Structures are given as structure tokens and as C-alpha cells.
Amino acid sequence: MTSALKTLAFATLSAAALLVSAPTVLAVTLDEACTKFAAKMGEAQASGNADQVKTVYSKGSQRIASKFNGATCPNVKAP
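Let us now look at the nonpolar core. Of all hydrophobic cores here, the largest spans nine residues; its members are A33, C34, F37, M41, A44, V53, I64, C73 and V76. When residues of this core are traced back to their parent elements, those giving at least two are α2 (30–47) and α3 (50–67). Per-element accounting of this core gives the leading share, five residues, to α2. Among residues more than four places away in sequence, those in contact with A33 are V28, I64 and F68.

Turning to unusual backbone geometry, a few remarks are in order. Note: most residues except glycine have negative phi, and most peptide bonds are trans. The backbone of N69 shows a phi angle near 50°, a positive value even though the residue is not glycine. Structurally, the position occupied by N69 is in the segment after α3. With relative accessibility at 78%, the residue N69 sits in the exposed group.

Moving on: the packing of α2 against α3. One can describe the packing of α2 onto α3 by two numbers: an axis separation of 9 Å at closest approach and a directional angle of 170°. Relative to α3, the element α2 lies roughly antiparallel. The segment α2 lies against α3, with L30, A33, C34, F37, K40, M41, A44, Q45 and S47 engaging Q52, V53, V56, Y57, G60, S61 and I64. Considered class by class, the residues forming the contact of α2 with α3 number 10 nonpolar, five polar and one charged.

Here we take up the environment of D51. Mapped onto the elements of the fold, D51 is located in helix α3. As a C-alpha pair, D51 and P79 span 28 residues in sequence and 9.9 Å in three-dimensional space.

Another aspect to go through is the environment of F68. Here F68 shows up in the segment after α3. Judged by relative accessible area, F68 falls into the partly exposed class, the value being 22%. A sequence separation of 39 residues divides F68 from T29, and the C-alpha atoms of the two residues are 8.8 Å apart. Once residues within four sequence positions are removed from consideration, F68 is found in contact with V28, T29, L30 and A33.

If you check α3, its first and last C-alpha atoms are 26 Å apart, about what 18 residues at 1.5 Å a residue would give, namely 26 Å. Taken residue by residue, α3 has V53, G60 and I64 as its buried positions. Along the axis of α3, the buried positions cluster into a sector of 45°, meaning they face one direction only. In α3, the exposed residues that point more than 90 degrees away from the buried face are D51, K54, K59, Q62, R63 and S66. Buried residues belonging to α3 abut α2. Of the residues flanking the start of α3, the one acting as N-cap is N49, its side-chain oxygen 3.0 Å from the backbone nitrogen of D51. Looking one or two residues beyond α3, the residue adopting positive phi is N69, at roughly 50°.

Thresholds, definitions, all that
- Residues numbered from 1 in each chain as written.
- Predicted model: local features only at pLDDT ≥ 70, side-chain atom pairs only at ≥ 80, totals over all residues.
- Heavy atoms only, no water.
- Core = buried A, V, L, I, M, F, W, Y, C linked by side-chain atoms within 4.5 Å.
- Buried < 20%, exposed > 50% of the residue type's maximum accessible area, 1.4 Å probe, protein only.
- Helix = DSSP H or I, 4+ residues; strand = E, 2+ residues; numbered from the N terminus.
- Contact = heavy atoms within 4.5 Å.
- Axes fitted to C-alpha atoms, helices over the stretch in contact; angles between N-to-C directions.
- Parallel < 35°, antiparallel > 145°, perpendicular 65-115°, else oblique.
- Nonpolar A, V, L, I, M, F, W, Y, C, P; charged D, E, K, R; others polar.
- Expected span 1.5 Å × (residues − 1).
- Arc of directions from axis to C-beta.
- Polar contact = N/O pair within 3.5 Å; in protein donor to acceptor, adjacent residues only side chain to side chain.

Here it is, written out as C-alpha cells:
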């Protein structure tokens, strides 16, 4: 086997190994994100800390809007 073929074979095997070991990214739907957001809001409300509730709502709303083109979660009400 020539040096060029060995290099090509090594590069191909290396690329294949990277593809196999790459973590799988799972897409999250808006409904799933809103369900998770609602759960976090419930935890914050259960803590009894009004500042924490406001922070969770603010950050969660911003994250949902940024990831889903300005969408909101109708099942999550502002504190």
C-alpha cells in the first residue's frame, strides 16, 4: 500500500470514528420546552421565594422566545 493510500485510509477511518462517537442531539419541540418550563416554574413557586419565581419566569420566557422565534408558553402564567 502506498503512503498516499495509507493516509487516505487513516483519514477515512478517523472520520468514521468521529461520526460514530459524536453525541446525538435531540430536537425539542415547543410543547416539550413549555412543559419543562412549567415544571421549573412549579418548583420555583413551591420554594416560596418570589424573587426566584420572577427570575425563573424571566429567563425561561426569554429562552423560549429566542429558541422558538418569539413564541410564548400559554400554559405558563407570569407571576
